Amino acid sequence: MDEPDTGLNFHELELDDRLLRDIARLGWISPTLVQEKAIPFLLEGKDVLIRARTGSGKTAAFAIPIIQNVLGYKRETAVRETSVLVMAPSQDLCHQIAKVFANLTYSCGPLIRVVDLSSKEEKGTHRYLLADRPDIVISTPARLRVVLADGTLNVRESLRCVTIDEADLMFSFGFEKDLTEVLKHFPPVHQSILCSATLENDVVTMKKMILHNPVILKLEEPQLAVGSQLTHYQIEAEEMDKGAILYTVLKLKLIQGKCIVFVKSVDQCYRLKLFLEQFGIRSCILNSELPIKIRCHTVNQFNQGIYDTIIASDEQMTDNPKMVKKKNDKKPTTKQLLQQTESESSVSRGIDFQCVSCVVNFDFPADINSYIHRAGRTARGKNNGSVLSFVSFDELERKKRVEEFLQTLAADAEFKMKDFTFNFEEVEAFRYRAKDAWRAITKLSIREARIKELKMEIFNSEKLKSFFDENPRDLQTLRHDRQLHTVQVQEHMGDVPEYLVPAALKPMVEIINAKRKKKLLERHAAAKHNKKSKADDPLLMDGIDYKKKRRM
């Protein structure tokens, strides 16, 4: 297999000017390793199996040549037809892929239409979206099977390219039968692309089903960034001390930039958010219970810098998909279906968190794969990153297994996670505050916080708007329901008094407090100005609004 020369820039790949313009707009200068190797073969129309680690740029590796080839088809014929299908195992990934295609076709205007079917359930909606025969359709296999079976979408004569992303999860998420049925609607000749983080048995089976004499790109790169690009830290602590350490490092800005905090359950998500709220530390939550629109909105807010800290629950079944495989094609139990639903909306695989400088394992991951997927959220592309793992006594054995794995990736024969130096004696006052705040969070407050979030989703639901219009009393009942027993937030807890701060960190905290005081003064000045403006109004004297009196 002849490999293209290294060191290429995007403009050397003979891409369309509109596509190059959008690539430049995204700030991409040179392709990543997987993009450099895959794009030339895909532009030639070859079947390709791409195996590359998380964060390597696989999505753009297939999206760029697909768009270039579609633009080529457009020069040959003016007929609008669906020529490309892209499948992914979850709604989150479909939305993410659709966003990449939208960004890369911005300069093409209406010439290339991209449709995402993954979160659309009504047949009428499907028909409306597919009526104009979009060029590129993105979907889960289950949704695609429905529109192909009922004739809403017909690709027997127009299909030129099929792409399956995260192929190693397709069978694990129960899409084997859906894929088999979908393949029956494809023409015999078309280009096929498989993207996967691993080359397990499921991927080999799928390769036989879909690919024909493919080019296999098995990039010689480690599963995680190595060397100075990704630094691994560990600190031994029990749960309450974990909270104290996290509060201290976030409040004193010992962790710089964006941070993802991984926890073991949805309840732990809310516990940690309520804990940090007491100290004025803003964070957002990402878990499998949230609707797809809210999950995508949360990730976008994090990527845009509205939140610097995101708390994500990383369920075990998500990190180890084999746990939810169906056996002997038997009808799945209710429990298996629930597990499958939860895993399909997970955050551990493929979600594009941008510019993450640090991953914090608040609860140490259950296995090596979990650690890899979590750590893969940072040090993406050419950026540096770090992983800080809190390790309790019960988690020491798991940490040891992860260290043994990391040893295989490192050249250093004595590799170990670096100790995160943290002297509790210097921040004992922080620890005292943190213990009180942690104890204040009860099971009831966690449950009520979850109820509060569900209510907000009900109020904001587009589907329930018409119901509430017809039943206003139900809406009023929800709005005036009993008060939630959430944790009380005290304003002074957000401040960091000077006597609490270790001598070495006082200059940094002085800067933080100065910025905080400046904001408060600006707000106070603005409020005072508004008050003065009202007082100076000749028609507003002695508390009487004479403008209003005149109207009366």
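Data block above holds the structure.
Residues numbered from 1 in each chain as written. Predicted model: local features only at pLDDT ≥ 70, side-chain atom pairs only at ≥ 80, totals over all residues. Heavy atoms only, no water.

Caption draft 1: Molecular detail of the overall build of the protein. What the protein contains, in helices and strands, is 22 helices and 16 strands. Per-residue burial over the protein gives 50% buried out of 552 residues. Partitioning the contacts of the protein with sequence separation of at least 6, the portion at a separation of at least 24 is 78%. Summed over its atoms, the accessible surface of the protein is roughly 28,800 Å², and 51% of this surface lies on carbon and sulfur atoms. (Helix = DSSP H or I, 4+ residues; strand = E, 2+ residues; numbered from the N terminus. Buried < 20%, exposed > 50% of the residue type's maximum accessible area, 1.4 Å probe, protein only. Contact = heavy atoms within 4.5 Å. Areas by Shrake-Rupley, 256 points an atom, 1.4 Å probe, with all protein chains shown as cover.)

Caption draft 2: Summary view of the nonpolar core. Among the nonpolar cores identified, the biggest contains 45 residues, and Ile 50, Phe 62, Ile 64, Ile 66 and Phe 101 are the most heavily contacted of them. The element that contributes the greatest number of residues to this core is helix α3 (residues 58–76), accounting for ten residues. For Ile 50, the residues in contact, after removing those within four places along its chain, are Val 34, Ala 38, Lys 58, Ile 193, Leu 194, Cys 195, Ser 196 and Leu 217. Listed in part, the 41 residues of the second largest apolar core include Val 263, Tyr 270, Phe 279 and Ile 311. (Core = buried A, V, L, I, M, F, W, Y, C linked by side-chain atoms within 4.5 Å.)

Caption draft 3: Quick look at the environment of Asn 361. Within the secondary structure layout, Asn 361 lies in strand β12 (residues 356–361). Classification of Asn 361 by relative accessible area gives buried; the value is 1%. Along the chain, Asn 361 and Lys 264 lie 97 residues apart, while their C-alpha atoms are 9.2 Å from each other. Once residues lying within four places of it in the same chain are set aside, the contact partners of Asn 361 are Phe 262, Tyr 371, Arg 374, Val 387, Leu 388, Ser 389 and Phe 390. Side-chain polar atoms of Asn 361 contact the side chain of Arg 374, separated by 3.1 Å. A polar contact of 2.9 Å, which involves the side chain of Asn 361, links it to the side chain of Ser 389. (Polar contact = N/O pair within 3.5 Å; in protein donor to acceptor, adjacent residues only side chain to side chain.)

Caption draft 4: Quick peek at a negative patch on the surface. There is a patch of like negative charges on the surface, built from Glu 236, Glu 238, Asp 394 and Asp 419. Within the secondary structure, Asp 419 is located in strand β14 (residues 418–419). Residue classification places Asp 419 among the exposed positions, given a relative accessible area of 55%. (Patch = residues over 30% accessible without salt bridge, like charges linked within 9 Å, V, L, I, M, F, W, Y side chains within 5 Å. Salt bridge = Lys/Arg side-chain N within 4 Å of Asp/Glu carboxyl O. Lys, Arg positive; Asp, Glu negative; His and termini not counted. Charge placed at Lys NZ, Arg CZ, Asp CG, Glu CD.)

Caption draft 5: View of the sheet that holds strand β4 (residues 136–139). Read from one edge of the open sheet, seven strands run β3-β4-β2-β5-β6-β1-β7, paired in parallel fashion. Across the chains shown, the open sheet's two edge strands, defined by having one partner strand only, are β3 (114–116) and β7 (215–218). With strand direction ignored, the average angle separating the axes of adjacent strands in the sheet is 10°. Strand direction decides the pairing type here: strand β2 (residues 84–87) and strand β5 (residues 161–164), joined by four bridges, are parallel. Bridge pairing links Leu 85 to Val 162 in β5. (Pairing = 2+ DSSP bridges. Axes fitted to C-alpha atoms, helices over the stretch in contact; angles between N-to-C directions.)

Caption draft 6: Main features of the environment of Cys 284. Relative to the helices and strands, Cys 284 resides in strand β10 (residues 284–286). Separated by 25 residues in sequence, Cys 284 and Thr 309 have C-alpha atoms that sit 6.7 Å apart. Among all residues touching Cys 284, those that are not within four sequence positions of it are Thr 298, Tyr 307, Thr 309, Ile 310 and Ile 311.

Caption draft 7: Highlighting the packing of aromatic side chains. Counted by the stated rule, this structure contains eleven aromatic pairs. Aromatic pair Phe 10 and Trp 28: ring centres 6.5 Å apart, planes at 35°, arrangement tilted. Within this pair, whereas Phe 10 is found in the segment before α1 (17–25), its partner Trp 28 is found in the loop between α1 and α2 (33–43), the two being separated by 18 residues in sequence. With a relative accessible area of 32%, Trp 28 lands in the partly exposed category. Summarising the aromatic geometry, the rings of Phe 362 and Phe 390 are spaced 5.8 Å apart at their centres and angled 90° between planes, so their arrangement reads as edge-to-face. (Phe/Tyr/Trp six-rings, centres within 6.5 Å; stacked < 30°, edge-to-face > 60°.)

Caption draft 8: Looking closely at helix α12 (residues 292–303). Along its twelve residues, α12 runs 17 Å from first to last C-alpha, staying within 8% of the 16 Å computed at 1.5 Å per residue. When we look at burial in α12, the residues that qualify are Ile 292, Arg 295, Thr 298, Val 299, Gln 301, Phe 302 and Asn 303. On its buried side, α12 packs onto α4 (91–104), β9 (258–263), β10, β11 (309–313) and β12. Note on α12: the residue one or two positions beyond its end, Gly 305, has a positive phi of about 90°. (Expected span 1.5 Å × (residues − 1).)

Caption draft 9: Region of the structure containing the packing of helix α10 (residues 239–251) against helix α11 (residues 266–277). Relative to each other, α10 and α11 sit at 50°, their axes nearing to 11 Å. Between α10 and α11, the crossing angle belongs to the class labelled oblique. The interaxial crossing formed by α10 with α11 has right-handed handedness. Between α10 and α11, the contacting residues are Glu 239, Gly 243, Ala 244, Leu 246, Tyr 247 and Leu 250 on the first element and Gln 268, Leu 272, Phe 275 and Leu 276 on the second. Residues that form the contact of α10 with α11 fall into these classes: seven nonpolar, two polar and one charged. (Parallel < 35°, antiparallel > 145°, perpendicular 65-115°, else oblique. Left-handed = near helix turned anticlockwise from the far one by under 90°. Nonpolar A, V, L, I, M, F, W, Y, C, P; charged D, E, K, R; others polar.)

Caption draft 10: Fine view of the pairing of β5. Neither face of β5 is left uncovered, since the one carrying Cys 161 and Thr 163 and the one carrying Val 162 and Ile 164 both have all their residues buried. Pairing between β5 and strand β6 (residues 191–196): four bridges, direction parallel. Pairing of Cys 161 across the sheet is with Gln 191, part of β6.

Caption draft 11: Up close: the pattern of salt bridges. Evaluated as defined, the whole model comprises 17 salt bridges. Of the charged contacts in the structure, one is a salt bridge between Glu 44 and Lys 46, with a shortest N-O distance of 3.4 Å. Relative accessible area serves as the criterion here: at 54%, Glu 44 is assigned to the exposed category. With a closest N to O distance of 2.6 Å, Lys 74 and Asp 135 form a salt bridge. Within this pair, whereas Lys 74 is found in helix α3, its partner Asp 135 is found in the loop between α5 (123–130) and β4, the two being separated by 61 residues in sequence. The exposure class of Asp 135 is buried, given its relative accessible area of 2%. The network of salt bridges with common partners includes Asp 16, Arg 18 and Arg 75.

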